[in-house]
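A closer look at the structure
One letter stands for each residue in the lines below.
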Amino acid sequence: ISTVGGGYNNTASGYYSTVSGGFQNTASGYYSTIGGGQSNTASADYSTIGGGDSNSASGDRSTVGGGNGNIASDDRSTVGGGYDNTASGTSSTIGGGDYNIASDDRSTVGGGGNNTASGPHSTVGGGAENTASGDNSTVGGGFENTASGSYSTVSGGYPNTASGDYSTIGGG
């Protein structure tokens, strides 16, 4: 039992899946949903894509709000929007921006460009080309900053590195 509300060349093949409209969208996971847009794929159970173009929600309970070329590939991962972002860690989140990666469990990138949150529970708020790779590490923003130590923080600035565990750099 699945539903295609309208549009062209859409497929709702998962049990209780829905494609509301758009073009060439596929909802193949159980209870998966695509609101519209084109060339979107919701392939995991309870996955959702609001719209946009060429987005993929392949983790159970994953969500892509919209944008273009975004991927939410692990369980409970989320990409709000933007361009070419990848949330591949369990419960990872990317708010938006472009070319951002949240690859470990509960990692977060708020936005910006080319930012990476690759440590478990790591966060990059925004900016560009920042990396939070340590466990529970944080980069607030700025450009080319790195927080690689466990529980390390770089508030912002350019190009700072907090590599020691529990280390903090205020900015600069």
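This write-up is about the structure you can find in this document. On a predicted model such as this, the values are computed, not experimentally measured, just so you know.

1. Some words on the packing of aromatic side chains
- Applying the stated criterion across every chain, the model contains nine aromatic pairs.
- Measuring from centroid to centroid gives 5.6 Å for Tyr15 and Tyr30, while their planes differ by 50°, and the two rings are tilted. Of the two residues, Tyr15 is situated in the loop between strand 2 (11–12) and strand 3 (18–19) and Tyr30 in the loop between strand 4 (26–27) and strand 5 (33–34); the sequence distance between them amounts to 15 residues.
- Note on Phe143 and Tyr158: the rings are 5.3 Å apart at their centroids and 20° apart in plane angle, and the pair reads as stacked. In this pair, Phe143 sits in the loop between strand 19 (138–139) and strand 20 (146–147) while Tyr158 sits in the loop between strand 21 (153–154) and strand 22 (161–162), placing the two residues 15 residues apart along the sequence.
- Take Phe143: its relative accessible area is 34%, and that puts it in the partly exposed class.
- Each member of the aromatic cluster is reached from another via a ring pair, and the members are Tyr15, Tyr16, Tyr30, Tyr31 and Tyr46.
- Taking NZ or CZ as reference, Arg61 lies 4.5 Å from the ring centre of Tyr46, over its face.

2. Concerning the sheet that holds strand 3
- Pairing in this open sheet of 12 strands is parallel, and the strands run 1-3-5-7-9-11-13-15-17-19-21-23 from one edge to the other. The sheet is open, and its two borders are formed by strand 1 (3–4) and strand 23 (168–169), each paired with just one other strand.

3. Some points on the environment of Asp104
- Mapped onto the elements of the fold, Asp104 is located in the loop between strand 14 (101–102) and strand 15 (108–109).
- Exposure remark for Asp104: the relative accessible area of 22% places this residue in the partly exposed category.
- With 32 residues separating them along the chain, Asp104 and Asn136 place their C-alpha atoms 11 Å apart.
- Among all residues touching Asp104, those that are not within four sequence positions of it are Gly89, Thr90, Ser92, Ala117, Ser118, Gly119 and Pro120.

4. Section: the sheet that holds strand 10 (residues 71–72)
- If you walk across this open sheet you meet the 11 strands as 2-4-6-8-10-12-14-16-18-20-22, and the pairing is parallel. Only two strands of the sheet have a single neighbouring strand rather than two, namely strand 2 and strand 22.

5. Comments concerning the nonpolar core
- One finds Ile34, Ile49, Ile94, Val124 and Val139 to be the most contacted residues of the largest nonpolar core, which totals 21 residues.
- Those residues in contact with Val124 that lie beyond four places of it in its chain are Thr108, Val109, Gly110, Asn115, Thr116, Ala117, Asn130, Thr131, Ala132 and Val139.

6. Remarks on the side chain of Thr90
- In this structure, Thr90 sits in the loop between strand 12 (86–87) and strand 13 (93–94).
- Take Thr90: its relative accessible area is 18%, and that puts it in the buried class.
- Aside from chain neighbours lying at most four places away, what touches Thr90 is Asp74, Asp75, Arg76, Asp104, Asp105 and Arg106.

What counts and what doesn't
For every chain, the first residue of its written sequence is number 1, and the numbers climb from 1 along that sequence. Only residues with pLDDT of at least 70 are given local features in this predicted model, and only at 80 or more are side-chain atom pairs given and counted; all residues enter the totals for whole chains, interfaces and linings. To obtain the side-chain values, all non-hydrogen atoms of the structure were included, while hydrogens and water were left out. Pairing of aromatic side chains here covers Phe, Tyr and the six-membered ring of Trp, requires ring centres within 6.5 Å, and sorts the geometry by plane angle: under 30 degrees stacked, over 60 edge-to-face, intermediate tilted. For the purposes of this entry, the term helix denotes a DSSP run of H or I that reaches at least four residues, the term strand denotes a run of E that reaches at least two, and both are numbered from the N terminus. A 1.4 Å probe rolled over the protein chains alone gives each residue an accessible area, and that area as a share of the maximum for its type sets the label: buried under 20%, exposed over 50%, partly exposed in between. Cation placement over rings: the criterion is NZ of Lys or CZ of Arg within 6 Å of the ring centroid and within 35° of the ring normal. Two strands form a pair only when DSSP identifies at least two bridges running between them. Note on contacts: a residue pair is in contact if any heavy atoms of the two residues lie within 4.5 Å. We call a set of buried residues a nonpolar core when its members are Ala, Val, Leu, Ile, Met, Phe, Trp, Tyr or Cys and they connect through side-chain atoms within 4.5 Å of each other.

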